[in-house]
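If you want the building blocks of each chain, they are given just below.
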Amino acid sequence: MRWPKRHIQDDFTSLTAHQLRTLPNIIGWDIESLLMQQGFTPRQRRVLENIAETNTRMVDLIDTMLNISRIEVGTVSVTPEMIDIRTVIKEELSQFQPVITQKKIRVATTYPQGCWLQTDVSFLRVIIQNLLSNAVKYTPEGGRLSIKVASAKKGFTIEITDSGLGIPRHQHSKVFTRLFRADNVSGTVTGNGLGLYLVKLLVSYLHGKIHFTSEEDHGTSFTIFLPLKGPRRKLGATKLTIAEKIITSPPAKSVPKKNK
Amino acid sequence: MATKQTILIVEDEAGLRSVLGDILRDAGYQVLEAANGREGVDTAVKNRPDLILLDLLMPVMGGGDALKKLRKDTWGKKVPVMILTNLSANDEQLIMSMVEERPVCYLIKSSWQMRDIVKKVQETLNELKPVAA
């Protein structure tokens, strides 16, 4: 029996992602094992820590590039289902908790009663991960982070605001372009310049909108609007890669009927 | 002296298997290793470890088939198994096929530091400890 082309592509992409992740995984664990040993000079330890951090960035970059490539080529599949935005945000936020605690960032969250909408949860997760990652990364120690979900006409808005470095005004028009790096962070905070480009692509796939306000040295606020009834099901070759630590629950088998 | 708890690592990447084995031994566990699903099932049934860390994509026999086979064994149907994979978190078909085999959790290896995996192992084994009368 010949496999349909879509299945072959599915397997190939899945295996490629697996292999691309496994190699930095080995490097990461080896470095971690070394760092547990005694006897390194401070300089040796710093070098090892740099390698470990670069390795983590490599995994992030692999995931981001795979996702962008799937979206740009148009092979990504979309699976709408009824989801609770609050649950998604809480789960994603918990992944950043160690850094939030370490940097003593104060977090405030606001949710309305019932935040259900029909959308693709993996897209939403990647969007929230990227926005939270930026907010946490660019907010200095003791700063603030707020996440506010609100009802809007035929949808919800999600507003993620930080008290971080902000984006220089003259660069505002370039924020969602590929390889964008703000002048005031390049060289001090690491990043691959693809996160917001990916976020913009994903939001438009979900039939949503995104805008931001930002003031240098005061912080940035990104607001996403997502419609109650998002994208239709699209059978593509691959799904998005999500950088999650634990798969907490299996994905839904089918799209529930819409709530009246 | 209390008997050491035993953990079986079923992982085809020798580099990952050995370094994770070292850390778990340092944490006080007895560690067994297997390089594919078939070896894993044989080692598990013979040695009856307290916990199995199971990779999914492996040669000879993958983790999915290995777990299905284990669950058919009288002892193996109850042994706690943690899936450690680098497959995408939403590889729907595979994950759905694993649900019935009741793994404790699925961890994406590249997102985990080993010390956190050791903590997860400790928590899992503590939760499973029989309550003293």
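Data block above holds the structure.
To start, this report covers the structure provided alongside it. Within each chain, residue numbers correspond to sequence positions counted from 1 in written order. In the order they appear in the text, chains get letters beginning with A and ligands get numbers beginning with 1. Under the rules for a predicted model, residues below a pLDDT of 70 receive no local features and side-chain atom pairs below 80 are neither given nor counted, while totals for whole chains, interfaces and linings still include all residues. Values shown for side chains rest on all heavy atoms present in the structure; no hydrogens or waters enter the calculation.

### Some details on the overall build of chain B
The secondary structure listing takes helices from DSSP runs of H or I that are at least 4 residues long and strands from runs of E that are at least 2 residues long, numbered from the N terminus. If you tally the helices and strands in chain B, you get five helices and five strands. Going from the N terminus to the C terminus, chain B shows its helices and strands as β-α-β-α-β-α-β-α-β-α. The buried label goes to any residue with under 20% of its type's maximum accessible area, the exposed label to any with over 50%, and the partly exposed label to all in between, with areas taken from a 1.4 Å probe on protein chains only. Counting only residues that meet the buried cut, chain B has 54% of its 133 residues in that class. By definition, residues are in contact when any of their heavy atoms lie within 4.5 Å. Taking contacts inside chain B between residues at least 6 apart in sequence as the whole, the part at least 24 apart equals 63%. Shrake-Rupley sampling with a 1.4 Å probe provides the accessible areas, and residues are treated as covered by the protein chains on show and by no other component. Element-wise, carbon and sulfur atoms account for 48% of the exposed surface of chain B, whose accessible area totals about 6,400 Å².

### A word on the nonpolar core
Only buried residues count toward a nonpolar core, which is a set of Ala, Val, Leu, Ile, Met, Phe, Trp, Tyr and Cys residues joined through side-chain atoms within 4.5 Å. Counting residues in hydrophobic clusters, the biggest one holds 53 residues, and the most contacted among them are L145(A), I158(A) and I160(A). Those elements that provide at least two residues to this core are α2 (42-73), α3 (85-95), α5 (121-138), β4 (144-152), β5 (155-162), α6 (195-205), β6 (209-215) and β7 (219-227) of chain A. The dominant element in this core, judged by the number of residues it contributes, is α5(A), at eleven residues. Here I160(A) is in contact with I128(A), L131(A), L132(A), A135(A), L145(A), S146(A), I147(A), T220(A), S221(A) and F222(A), once residues within four sequence places are set aside. Counting residues in hydrophobic clusters, the runner-up holds 23 residues, among them I9(B), Y29(B), I117(B) and L125(B).

### Things to note about the pairing of β4(A)
Residue and element names in this part refer to chain A. If DSSP finds at least two bridges between two strands, the strands pair. Here strand β2 (residues 106-110) runs beside β4; their pairing, made up of five bridges, is parallel. Opposite T109, over in β4, you have I147 as the bridge partner. Across eight bridges, β4 lies against β5 in antiparallel orientation. By the bridge assignment for β5, L145 is matched with D162.

### Examining the pairing of β7(A)
On a regular strand, one side chain projects to one face of the sheet and the next to the other, so that they alternate. Residues and elements named next belong to chain A. Burial analysis of β7 places eight of its nine residues in the buried class, the great majority of the element. As paired strands, β5 and β7 are joined by eight bridges and run antiparallel to one another. Along β7, the bridge assignment pairs I158 with I224. In this structure, β6 lies alongside β7, joined through seven bridges in antiparallel fashion. Across the sheet, residue K209 finds its bridge partner in β7, namely F225. In this antiparallel pair of consecutive strands, β6 and β7, the connection spans three residues, and D217 shows a positive phi of 70 degrees.

### Focus on the pattern of salt bridges
Residues and elements named next belong to chain B. Between Lys or Arg on one side and Asp or Glu on the other, a salt bridge is scored when a side-chain nitrogen of the former is within 4 Å of a carboxyl oxygen of the latter. Tallied over the full model, the rule gives nine salt bridges over all chains. Ionic pairing is found between D55 and K109, a salt bridge with its closest N-O pair at 3.3 Å. With D55 in the loop between β3 (51-54) and α3 (63-71) and K109 in the loop between β5 (105-108) and α5 (114-128), this pair connects stretches of sequence that are 54 residues apart. Each member of the pair, D55 as well as K109, carries the same accessibility label: buried. Where K119 meets D116, a salt bridge forms, and the shortest distance between an N and an O atom there is 3.9 Å. Of this pair, K119 and D116 both sit in helix α5, three residues apart, which is roughly one turn of that helix. The structure contains a network of salt bridges with shared partners spanning R17, D22, R25 and E33.

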